[in-house]
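# Descriptive structure summary
Given next are the chains, with one letter for each unit.
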Amino acid sequence: MQPRSSPVLLQDMKIHLTENHLPIPSPQSLLGDGRWLTDTTEVLLRKAGVNKQPPGSVSPARKRVNEVKETKTTINGVTFPLPGEGPEQQLLKPNEWSYCDYFWTDKKDPQGATSVAGFEVLLQKQLKGKQMQKEMAEFVHERIKIEEEYAKNLSKLSLSTLAAQEEGTLGEAWTQLKKSLHDEAEVHLKFSNKLHSEVEKPLLTFRGDNFKKDLKKYDHHIADLRKQLASRYAGVDKARKALADRQKDLEVKTQQLEIKLSNKTEEDIKKARRKSTQAGNAAAAAAADDDDDGDGDDGGVCVCACPFPSGDDLMRCVDLYNQTQSKWFEEMVTTSMELEKLEVERIEWIQQHLRQYTTLRHETDMFNQGTVEPVDRLLQTVDPAKDRELWVKENKTGDVRPVDLDI
């Protein structure tokens, strides 16, 4: 006669094995001499007697999880190591103060409660540089206007008739001085024209409207990656909470089963043994039936709230998050270094044209000096005696002096 297993005890065993992720034997293995059921029951009861915990207590696994020291923190969707935790990070470009090393965290907006991404700070630097370049061009334009006005006034003054009747060597020097004003006006007019073509215009045309469009492309690209990263982290957080809920539910069910097993009396065990020695046809039919009793048991498929599906979801979400963060990291490094290169080019461009300004200014001084040199030479030849001679010769009224009157 084949032994017959107890359907009630069998169902309890299946629930326990399922919730603890242990393999459920086939219906045939439950038949035979009944030793599997008896031995398993005693092992489980002994385990329950040794490991039973008071209701509501926290399992050792949960305690170990809670005792794990946090070494990382996530801020606005980006994960960073906590200070003093893990190996010390090395700069990507040591001793260069490179953009790619110092703009990973977000910055608090001084004008509001929101934060500004580090990449946004770099973009603002580029826009500010463009504005500074524009203002420098405006400054040079004002300088040009002053030069033009100055040249106009010098030219006008050179035509003045004031002291036009001065004579002699001094008169010649005075005439040359007035002429030098006209020459100087020409020099300043040329200076203003060169300032416009060689300084102002290059500053205005360097990186036109397309530059801002390019910056917007950078901005949208990095912002999209950052949004993806935030979405991935939200998925991780959701999966983590789901896993915690399932683990908590499993612990409750495990504790309930342990309490149930620990409360079984020896008489229940003996009764189970007696029932297991009875004919096995009905037992075999009950064991082979997948789910005839409507209790939700599908014959070995895990139907409990086990953590493994949710654990797999968490691992998948973490992998996707790490992949997205790695992509964002790579793009941040590449794009920030591109912005750094653009800033170097801007500064060198402005430096070059400001140097051109000083060169033109030196040339203007040199040309102005050339206009004054003839005046200097004539002033050195001014001779009051010569002037008196020339004036007397031209304006004398007679060289016969008066004499005394005779009586």
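The structure reproduced in this document is the subject of the present report. Given the structure is predicted, the values throughout are model-derived calculations rather than measurements.

## Description of the overall build of the protein chain
- When you go through the protein chain residue by residue, the secondary structure sums to 12 helices and four strands.
- For the protein chain, the proportion of contacts with a sequence separation of at least 24, taken over those separated by at least 6, is 82%.
- Roughly 27,200 Å² of accessible area belongs to the protein chain as shown, and the carbon and sulfur atoms make up 55% of that amount.

## A look at the environment of Lys72
- In this structure, Lys72 sits in strand E1 (residues 72-75).
- Taking the C-alpha atoms as reference points, Lys72 and Pro83, separated by 11 residues in sequence, lie 8.8 Å from one another.
- When neighbours within four sequence positions are excluded, Lys72 is seen to be in contact with Thr79, Phe80, Pro81 and Leu82.

## Examining helix H7 (residues 168-205)
- With 38 residues, H7 should reach 56 Å at 1.5 Å per residue; the first-to-last C-alpha distance of 55 Å fits that figure.
- Of all the bends found along H7, the most pronounced is centred on His196 and spans about 40 degrees.
- Arg207 occupies a position one or two residues after H7 and carries a positive phi of about 55 degrees.

## Focus: the pairing of strand E2 (residues 78-81)
- Residues Val78 and Phe80 line the buried face of E2, whereas the alternating positions Thr79 and Pro81 sit on a face that is not buried.
- Here E1 pairs with E2 via four bridges, running antiparallel. Of the residues in E2, the one forming a bridge with Thr74 is Thr79.
- Linkage of E1 to E2, two consecutive antiparallel strands, is achieved through a turn of two residues, within which Asn76 is found at a positive phi near 50 degrees.

## Quick look at unusual backbone geometry
- At Trp97, a residue that is not glycine, the phi angle is positive and equals roughly 50 degrees.
- Relative to the helices and strands, Trp97 resides in the loop between E2 and helix H5 (99-102).
- For Trp97, a relative accessible area of 68% translates into the label exposed.
- For Ala163, which is not a glycine, the phi torsion comes out positive at approximately 60 degrees.
- Along the chain, Ala163 falls in the loop between helix H6 (118-158) and H7.
- A relative accessible area of 44% places Ala163 in the partly exposed class.

## Some details on the packing of aromatic side chains
- Throughout the structure, instances matching the rule amount to seven aromatic pairs.
- When the ring of Phe191 is compared with that of Tyr357, the centres are 6.3 Å apart and the planes differ by 45 degrees; the resulting orientation is tilted. Remark: Tyr357 occurs in helix H11 (residues 308-380) and Phe191 occurs in helix H7; sequence separation between them is 166 residues.
- Note on Phe191: relative accessible area 3%, which makes it buried.
- By relative accessible area, which is 22% here, Tyr357 ends up partly exposed.

## Some remarks on the packing of H6 against helix H8 (residues 209-262)
- Packing of H6 against H8 brings their axes to within 11 Å, and their N-to-C directions diverge by 175 degrees. As the angle between them shows, H6 and H8 are arranged roughly antiparallel. Between H6 and H8, the residues in contact are Phe119, Glu120, Leu123, Gln126, Leu127 and Lys130 and Phe211, Lys212, Leu215, Tyr218, Asp219 and Ile222, respectively.
- Counted by class, the contact of H6 with H8 contains seven nonpolar, one polar and four charged residues.

## Topic: the side chain of Gln126
- Tracing the chain through its elements places Gln126 in helix H6.
- When its relative accessible area of 1% is taken as the criterion, Gln126 is described as buried.
- Those residues in contact with Gln126, other than ones at most four positions away along the chain, are Arg207, Phe211, Leu215, Leu339, Leu342 and Glu343.

Here is what the cut-offs are and how they apply
- Residues numbered from 1 in each chain as written.
- Predicted model: local features only at pLDDT ≥ 70, side-chain atom pairs only at ≥ 80, totals over all residues.
- Heavy atoms only, no water.
- Helix = DSSP H or I, 4+ residues; strand = E, 2+ residues; numbered from the N terminus.
- Contact = heavy atoms within 4.5 Å.
- Areas by Shrake-Rupley, 256 points an atom, 1.4 Å probe, with all protein chains shown as cover.
- Expected span 1.5 Å × (residues − 1).
- Bend = angle between axes of the 7 residues up to and from the residue.
- Buried < 20%, exposed > 50% of the residue type's maximum accessible area, 1.4 Å probe, protein only.
- Pairing = 2+ DSSP bridges.
- Phe/Tyr/Trp six-rings, centres within 6.5 Å; stacked < 30°, edge-to-face > 60°.
- Axes fitted to C-alpha atoms, helices over the stretch in contact; angles between N-to-C directions.
- Parallel < 35°, antiparallel > 145°, perpendicular 65-115°, else oblique.
- Nonpolar A, V, L, I, M, F, W, Y, C, P; charged D, E, K, R; others polar.

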